[in-house]
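# Observations on the three-dimensional arrangement
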Amino acid sequence: MTKLHERKHNRESVLRSLYEAAELNRPEVSGSALRTELGLPDEDLFAACAFLADEGLISVDWTSHQTPAAVSLTHEGIRLMEEQEEREEQEEQEEAEKTQSDD
(Lines give C-alpha, C1' and ligand atoms only; values in the text may rest on other atoms or scores of the structure.)
Protein backbone atom coordinates (compact mmCIF):
# COMPACT_ATOMS: atom_id res chain seq x y z
CA MET A 1 0.00 0.00 0.00
CA THR A 2 1.20 3.48 -0.87
CA LYS A 3 2.15 5.62 2.14
CA LEU A 4 0.45 8.92 2.85
CA HIS A 5 3.43 11.08 1.84
CA GLU A 6 3.66 9.16 -1.47
CA ARG A 7 -0.05 9.67 -2.17
CA LYS A 8 0.28 13.39 -1.46
CA HIS A 9 3.35 13.57 -3.69
CA ASN A 10 1.50 11.77 -6.50
CA ARG A 11 -1.43 14.18 -6.27
CA GLU A 12 0.91 17.18 -6.28
CA SER A 13 2.77 15.76 -9.28
CA VAL A 14 -0.48 15.35 -11.22
CA LEU A 15 -1.52 18.93 -10.43
CA ARG A 16 1.87 20.37 -11.37
CA SER A 17 1.98 18.45 -14.63
CA LEU A 18 -1.51 19.61 -15.60
CA TYR A 19 -0.72 23.20 -14.60
CA GLU A 20 2.45 23.20 -16.72
CA ALA A 21 0.46 21.80 -19.65
CA ALA A 22 -2.18 24.51 -19.24
CA GLU A 23 0.55 27.17 -19.29
CA LEU A 24 1.59 25.73 -22.68
CA ASN A 25 -2.01 26.02 -23.95
CA ARG A 26 -2.60 22.28 -23.58
CA PRO A 27 -5.70 22.31 -21.41
CA GLU A 28 -6.13 18.54 -21.58
CA VAL A 29 -3.55 15.78 -21.16
CA SER A 30 -4.04 12.16 -22.12
CA GLY A 31 -3.91 9.68 -19.27
CA SER A 32 -1.18 7.70 -21.00
CA ALA A 33 0.99 10.83 -21.43
CA LEU A 34 0.48 11.69 -17.76
CA ARG A 35 1.33 8.14 -16.69
CA THR A 36 4.50 8.17 -18.81
CA GLU A 37 5.60 11.62 -17.66
CA LEU A 38 5.10 10.87 -13.97
CA GLY A 39 6.15 7.21 -14.08
CA LEU A 40 3.21 6.17 -11.93
CA PRO A 41 1.66 2.71 -11.94
CA ASP A 42 -1.98 2.63 -13.07
CA GLU A 43 -3.33 2.13 -9.54
CA ASP A 44 -1.42 5.13 -8.16
CA LEU A 45 -2.47 7.35 -11.07
CA PHE A 46 -6.07 6.20 -10.61
CA ALA A 47 -5.96 6.98 -6.88
CA ALA A 48 -4.44 10.43 -7.41
CA CYS A 49 -6.87 11.36 -10.18
CA ALA A 50 -9.91 10.02 -8.33
CA PHE A 51 -8.99 12.01 -5.20
CA LEU A 52 -8.33 15.24 -7.13
CA ALA A 53 -11.53 14.83 -9.14
CA ASP A 54 -13.52 14.30 -5.94
CA GLU A 55 -11.99 17.53 -4.60
CA GLY A 56 -13.13 19.36 -7.75
CA LEU A 57 -9.55 20.22 -8.80
CA ILE A 58 -9.40 18.17 -11.99
CA SER A 59 -11.77 16.75 -14.56
CA VAL A 60 -11.22 13.18 -15.73
CA ASP A 61 -12.63 11.20 -18.64
CA TRP A 62 -12.29 7.58 -17.54
CA THR A 63 -11.76 4.56 -19.78
CA SER A 64 -13.85 1.43 -19.30
CA HIS A 65 -10.88 0.00 -17.31
CA GLN A 66 -11.04 2.91 -14.82
CA THR A 67 -7.85 4.52 -16.03
CA PRO A 68 -7.75 8.19 -17.05
CA ALA A 69 -8.28 8.73 -20.78
CA ALA A 70 -8.02 12.53 -20.56
CA VAL A 71 -7.33 14.81 -17.61
CA SER A 72 -7.56 18.59 -17.19
CA LEU A 73 -7.51 21.16 -14.42
CA THR A 74 -10.79 22.70 -13.38
CA HIS A 75 -11.14 26.39 -12.64
CA GLU A 76 -10.61 25.62 -8.94
CA GLY A 77 -7.51 23.57 -9.78
CA ILE A 78 -6.03 26.44 -11.75
CA ARG A 79 -6.77 28.89 -8.92
CA LEU A 80 -5.12 26.57 -6.38
CA MET A 81 -1.99 26.21 -8.51
CA GLU A 82 -1.81 29.97 -9.17
CA GLU A 83 -2.03 30.66 -5.44
CA GLN A 84 0.71 28.14 -4.79
CA GLU A 85 2.89 29.69 -7.50
CA GLU A 86 2.37 33.14 -5.99
CA ARG A 87 3.36 31.86 -2.53
CA GLU A 88 6.51 30.23 -3.95
CA GLU A 89 7.46 33.43 -5.79
CA GLN A 90 6.92 35.47 -2.63
CA GLU A 91 9.06 33.06 -0.59
CA GLU A 92 11.83 33.25 -3.21
CA GLN A 93 11.69 37.05 -3.18
CA GLU A 94 11.82 37.15 0.63
CA GLU A 95 14.77 34.76 0.63
CA ALA A 96 16.60 36.89 -1.96
CA GLU A 97 15.97 40.02 0.09
CA LYS A 98 17.22 38.28 3.23
CA THR A 99 20.36 37.12 1.42
CA GLN A 100 21.03 40.67 0.19
CA SER A 101 20.60 42.15 3.67
CA ASP A 102 22.98 39.51 5.11
CA ASP A 103 25.72 40.55 2.67
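Everything that follows concerns the structure shown earlier in this document.
## Some remarks on the packing of helix α1 (residues 4-23) against helix α4 (residues 75-102)
The geometry of α1 relative to α4 is characterised by a closest axis approach of 10 Å and an angle of 95° between their N-to-C directions. As summarised for this structure, α1 and α4 are arranged roughly perpendicular, according to the angle between their axes. Seen from α1, the contacting residues are E12, L15, R16, Y19 and E23; seen from α4, they are I78, L80, M81, E82, Q84, E85 and E88. Considering only residue class, the contact of α1 with α4 consists of five nonpolar, one polar and six charged.

## Points about the pattern of salt bridges
For the structure on display, the rule yields three salt bridges. The residue E88 makes a salt bridge to R16 at a minimum N-O spacing of 2.6 Å. Here the residue E88 occupies a position in helix α4, and R16 occupies one in helix α1, the gap between them amounting to 72 residues. On the basis of relative accessible area, R16 is assigned to the partly exposed category, the value being 32%. Among the ionic pairs, D42 bridges to R35, the shortest N-O distance being 2.4 Å. We classify R35 as partly exposed; its relative accessible area is 23%.

So, how was this worked out
- Residues numbered from 1 in each chain as written.
- Predicted model: local features only at pLDDT ≥ 70, side-chain atom pairs only at ≥ 80, totals over all residues.
- Heavy atoms only, no water.
- Axes fitted to C-alpha atoms, helices over the stretch in contact; angles between N-to-C directions.
- Helix = DSSP H or I, 4+ residues; strand = E, 2+ residues; numbered from the N terminus.
- Parallel < 35°, antiparallel > 145°, perpendicular 65-115°, else oblique.
- Contact = heavy atoms within 4.5 Å.
- Nonpolar A, V, L, I, M, F, W, Y, C, P; charged D, E, K, R; others polar.
- Salt bridge = Lys/Arg side-chain N within 4 Å of Asp/Glu carboxyl O.
- Buried < 20%, exposed > 50% of the residue type's maximum accessible area, 1.4 Å probe, protein only.

Limitation: the analysis is restricted to geometry and does not speak to function.
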